[in-house]
Amino acid sequence: HVQLVESGGGSVQAGGSLQLSCALSGYMYINNCMGWFRQAPGKEREGVAVLATGDGSTYFDDSVKGRFTLSRDHAKNTMYLQMNSLEPEDTATYYCASGSMMSEAVTALQPARYKSWGQGTQVTVS
């Protein structure tokens with residue numbers, strides 16, 4: 001299955017920006033969902049943003065709409081999460097993941113639907 005490696009996390013002041021990268025290997029990169037998820041200590045892992053690679057549809061959690069943007073560079077086998085106007089509530093470990101094709105946000109943003117996961121990268125907003 002696909003191997004995913006996240007990078008780009010760090011510490012930033014509220015209102016600042018970060019761009020997370022997810023490098024993929026061993027994957028055909030067609031007709032699946034690629035997503036970003038986050039987990040804070042003591043909280044459930046939650047969906048942040050998902051890209052359906054088949055048709056380019058994107059799904060965002062309401063908490064990040066208008067602030068976060070998804071993009072991908074297929075030639076580099078890399079997916080990006082641009083995070084703007086960061087808030088302390090965004091503090092978490094961020095993971096990228098790959099799963100089967102999903103066409104509705106309610107399922108695409110559910111971590112349990114994803115099979116392959118990266119190791120995570122920490123984002124701290126103060």
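Everything here concerns the structure above.
Note on numbering: residues in each chain are counted from 1, in written sequence order. Owing to the predicted nature of the model, reporting of local features is limited to residues with pLDDT of at least 70; listing and counting of side-chain atom pairs is limited to 80 or more, with chain, interface and lining totals taken over all residues. Values reported for side chains reflect all heavy atoms of the structure, with hydrogen atoms and water molecules removed beforehand.

A. Structural view of unusual backbone geometry. A positive phi is found at Asn-77, a non-glycine position, where the angle reads about 50 degrees. Strands are runs of DSSP state E lasting at least 2 residues, helices are runs of H or I lasting at least 4, and numbering of each runs from the N terminus. Inspection of the secondary structure assignment puts Asn-77 in the loop between β7 (68-73) and β8 (78-83). A relative accessible area of 26% means that Asn-77 is categorised as partly exposed. One non-glycine residue, Ser-85, lies in positive phi territory at about 50 degrees. Any residue under 20% of the maximum accessible area for its type is buried, any over 50% is exposed, and the rest in between are partly exposed; the area is computed with a 1.4 Å probe on protein chains only.

B. A look at the environment of Cys-22. Mapped onto the fold, Cys-22 is located in strand β3 (residues 18-25). Taking the C-alpha atoms as reference points, Cys-22 and Gln-82, 60 residues apart in sequence, are found 12 Å from one another. By definition in these notes, contact holds between two residues if any of their heavy atoms fall within 4.5 Å. Residues in contact with Cys-22, not counting those within four places in the same chain, are Leu-4, Val-5, Glu-6, Trp-36, Asn-77, Thr-78, Met-79 and Cys-96.

C. Molecular detail of the state of the cysteines. Cysteine sulfur atoms that pair up within 2.5 Å are treated as a disulfide. All told, the structure shown has one disulfide when counted by the stated rule. Sulfur-sulfur distance for the disulfide between Cys-22 and Cys-96 comes to 2.1 Å. One quick way to see it: the torsion about the S-S bond of Cys-22 and Cys-96 is about 70 degrees, and its sign makes the bridge right-handed. Of this pair, Cys-22 sits in strand β3 while Cys-96 is found in strand β9 (residues 92-99), placing the two residues 74 residues apart along the sequence. Note on Cys-22: relative accessible area 0%, which makes it buried. There is no disulfide at Cys-33, and the cysteine sulfur nearest it, in Cys-22, is 14 Å away. Accessibility expressed as a relative area gives 0% for Cys-33, which makes it buried.

D. Region of the structure containing the pattern of salt bridges. A pair is scored as a salt bridge if a Lys or Arg side-chain nitrogen falls within 4 Å of a carboxyl oxygen belonging to Asp or Glu. Evaluation of the coordinates by the stated rule reveals five salt bridges. Linking Asp-62 and Lys-65 is a salt bridge whose minimum nitrogen-to-oxygen distance equals 3.1 Å. With its nearest N and O atoms 3.9 Å apart, the salt bridge here joins Glu-87 to Arg-67. Of this pair, Glu-87 sits in the loop between β8 and β9 while Arg-67 is found in the loop between β6 (58-60) and β7, placing the two residues 20 residues apart along the sequence. Note on Glu-87: relative accessible area 33%, which makes it partly exposed. Residue classification places Arg-67 among the buried residues on the basis of a relative accessible area of 11%. One salt-bridge network, held together by shared partners, links Arg-38, Glu-46, Arg-67, Glu-87 and Asp-90.

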